[in-house]
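Okay, here's what each chain looks like letter by letter:
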Amino acid sequence: MPPILPPLAGAECLEMQGQTEGGSSARRAKRQSFTKQSALDSDVASDDGSTNSNNISNNTSNDEDASTIAPSTPVPSLSSAESTLSLASDASSVDPASTLLMKELPWVPKVRQKDLETFLEHTRKKFVGFSIKDDLTTLIGLPKPIHESIKILKQHLYIPLSEVQIKIEDDIVKYPLSKKETNVPDTAAERLYRATLMQIPQFLIALLKLLLTSTPTAKPKTESINILCDVIPEEMPCSMVQTMKLGFDINRHKEMIVKAVSAILLLLLKHLKVNHIYQFEYICQNLVFSNCITVILKFFNHNILSHIQAKNTIPPLDFPTCVIGPQPELTADLFDVPETENYCWRNMFSSINLLRILNKLTKGKHARTMVLVAVKSAPILRKTLRVKQAMMQLYALKLLKLQTRYLGRQWRKSNMMAISAIYQRVRHRLNDDWAYGNEQETQTWDFQTEERALRNKIDLFNQRRYHRIAAAHANNNNTNNPANASTQNASANEFDFDSFTPLNNDLLTALSSNNNLGDQDLPEAFKRHYEEWLNDEVFNVEQQTDWDALLQPKSIVIY
């Protein structure tokens with residue numbers, strides 16, 4: 001094979017103009033790129049020893065990566081200025097931004113404030129011998145590499161809205177008199193949560209029942225809700241075409257129910273998380289207690305690829321074809337779906353929604369992550385990776401990343417393709433150790449205590465902000481069921497935040513206030529003896545007070 005040299009890059013040619021000839025030649029020799037032998041042989045065979053400047057520009061512009069430009073035989077007839085201009089024009093045709101983006105990860109790492117505090121605590125105990133609580137700025141006594149590490153961690157520090165809201169709620173509970181929630185934003189999510197607070201568990205259970213009965217693997221004998229009452233006709237079909245149409249309608253009806261339920265749950269979680277974190281956690285906890293995790297995994301525990309590719313549709317009956325022009329007569333030939341798309345967008349949409357719901361329920365919760373491990377969800381989630389859709393694979397990899405440290409070394413060893421995909425596509429923390437479980441993370445957790453502590457915080461939030469709604473609901477239940485009145489009143493008055501409101505004991509401000517007392521606010525004893533008190537103490541001025549009678553003891557009769 002004849003010796004072939006690769007061409008210069010455009011940046012090197014531009015630098016060559018402003019520098020000396022000796023320095024540029026040495027730098028050019030260092031920056032020459034390597035190419036495969038097959039590419040060189042193909043170029044030599046195609047050129048047959050004759051190459052011109054047009055071939056140079058074509059080979060350069062057709063390649064996507066500037067560092068792997070296919071070389072061609074150098075032409076001695078071109079002058080240095082002409083070759084420089086041609087190479088500079090070829091390099092301008094390659095987008096440097098796209099080349100740079102291909103070499104970077106598609107995500108930026110994040111650092112939680114808790115991770116920064118843990119890192120500072122360990123380094124201070126190691127180098128100084130003590131730790132400083134709630135101090136992220138003092139670095140005295142720490143070596144210089146630790147300073148650079150902390151600087152990088154602070155550059156990628158991310159404080160979500162949920163942590164800010166949790167901090168505000170903790171301050172309100174800790175200082176109920178000085179810290180008060182002055183204004184609650186009247187958003188659509190807030191009005192929805194306020195209106196459905198007392199019935200949220202029942203609503204979520206109803207939605208999950210619909211989702212369970214609409215899964216492709218659901219059996220008719222286990223269905224507790226008749227979801228096909230609007231589809232099945234009163235008279236059974238008698239022809240083959242009507243039977244095929246009924247089968248399509250039943251499957252399409254189930255797909256639409258799954259699509260609607262998954263979209264409702266996802267939108268509810270997303271809007272409530274933006275509105276307030278404890279509203280989001282209340283919905284999530286009710287979903288977890290209603291076995292939402294197992295219901296979603298049951299939905300994916302079948303051939304998900306065939307479910308995505310299912311075509312339960314009849315083109316002449318789809319909108320807007322069904323309302324435009326004359327309608328054709330249904331025949332067996334109309335049921336053949338054209339192969340324009342190899343997937344069903346409705347099933348793809350519902351599958352992605354269910355994966356996102358499962359991710360929101362388990363993210364950052366060790367107890368719920370262990371539920372995924374206990375029900376052996378890793379093989380089920382690996383089946384979803386067969387669907388070549390980027391967003392669906394992303395959320396499946398996120399769920400696998402949550403439980404990787406608990407699955408053991410043998411699972412990681414036999415699933416290196418999934419581990420590599422997680423490294424390439426899922427966002428990582430700078431000090432994330434998800435791929436290996438250390439002793440601190442894999443220790444036994446008291447999951448009931450974790451969920452109970454979260455539930456206590458949610459109850460405090462609901463009682464503080466919505467205690468009037470809870471009291472009104474308890475009063476309605478008392479009128480309907482007097483037997484449980486004492487129990488409901490005790491639970492409603494457990495957190496009486498109105499008792500923390502300070503009273504106005506100043507006489508002048510109390511008399512000058514506009515809140516005048518009515519007759520219904522006065523006690524009955526005062527009303528009964530008011531006229532007698534007026535006659536004795538106010539109108540009867542001439543009568544003098546008998547101080548001796550006041551000093552005499554009076555007998556007290558106890559009835």
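Residues numbered from 1 in each chain as written. Predicted model: local features only at pLDDT ≥ 70, side-chain atom pairs only at ≥ 80, totals over all residues. Heavy atoms only, no water.

Going by what an unreviewed UniProt entry lists, the protein is known as Far11/STRP C-terminal domain-containing protein and is assigned to Adineta steineri.

This paragraph deals with the overall build of the protein. Scanning the protein for helices and strands turns up 28 helices and zero strands. Carbon and sulfur atoms make up 56% of the accessible area of the protein, which amounts to about 36,700 Å² in all. (Helix = DSSP H or I, 4+ residues; strand = E, 2+ residues; numbered from the N terminus. Areas by Shrake-Rupley, 256 points an atom, 1.4 Å probe, with all protein chains shown as cover.)

This brings us to the packing of aromatic side chains. Enumeration over the complete set of coordinates arrives at six aromatic pairs. For the ring pair tyrosine 193 and tyrosine 282, a centre distance of 6.2 Å and an interplane angle of 80 degrees mean the geometry is edge-to-face. Remark: tyrosine 282 occurs in helix α13 (residues 277-289) and tyrosine 193 occurs in helix α10 (residues 188-195); sequence separation between them is 89 residues. For the pair shown, tyrosine 193 and tyrosine 282 are each scored as buried. Ring centres of tyrosine 278 and phenylalanine 461 lie 5.9 Å apart, and the angle between their planes is 55 degrees; this geometry places the pair in the tilted category. (Phe/Tyr/Trp six-rings, centres within 6.5 Å; stacked < 30°, edge-to-face > 60°. Buried < 20%, exposed > 50% of the residue type's maximum accessible area, 1.4 Å probe, protein only.)

With respect to the secondary-structure elements, lysine 179 resides in the loop between α9 (161-174) and α10. When near neighbours in sequence (up to four residues on either side) are disregarded, lysine 179 contacts Asp171 and Ile172. (Contact = heavy atoms within 4.5 Å.)

In total, this model carries 13 salt bridges according to the counting rule given. One salt bridge in this structure joins lysine 365 and glutamate 281, with 3.2 Å as the shortest N-O distance. With a gap of 84 residues between them, lysine 365 in the loop between α16 (345-362) and α17 (366-374) and glutamate 281 in helix α13 connect regions that are remote in the sequence. A relative accessible area of 15% means that lysine 365 is categorised as buried. The class of glutamate 281 is buried, set by a relative accessible area of 7%. Its salt-bridge partner being lysine 401, residue aspartate 432 comes within 2.9 Å of it at the nearest N-O pair. With aspartate 432 in the loop between α21 (416-425) and α22 (447-465) and lysine 401 in helix α19 (residues 390-403), this residue pair connects regions lying 31 residues apart in the sequence. Among the charged side chains, a network of salt bridges with common partners joins Glu190, Arg194 and Arg465. (Salt bridge = Lys/Arg side-chain N within 4 Å of Asp/Glu carboxyl O.)

A word on α9. An α-helical turn contains 3.6 residues, so a residue and the one three or four places further along point in the same direction. If you check α9, its first and last C-alpha atoms are 20 Å apart, about what 14 residues at 1.5 Å a residue would give, namely 20 Å. Within α9, the full set of buried residues consists of Ser162, Gln165, Glu169 and Ile172. Here the buried residues of α9 occupy an arc of 85 degrees about the axis, which is enough to place them on one side. Looking at the buried residues of α9, the elements they touch are α12 (240-275), α13 and α22. (Expected span 1.5 Å × (residues − 1). Arc of directions from axis to C-beta.)

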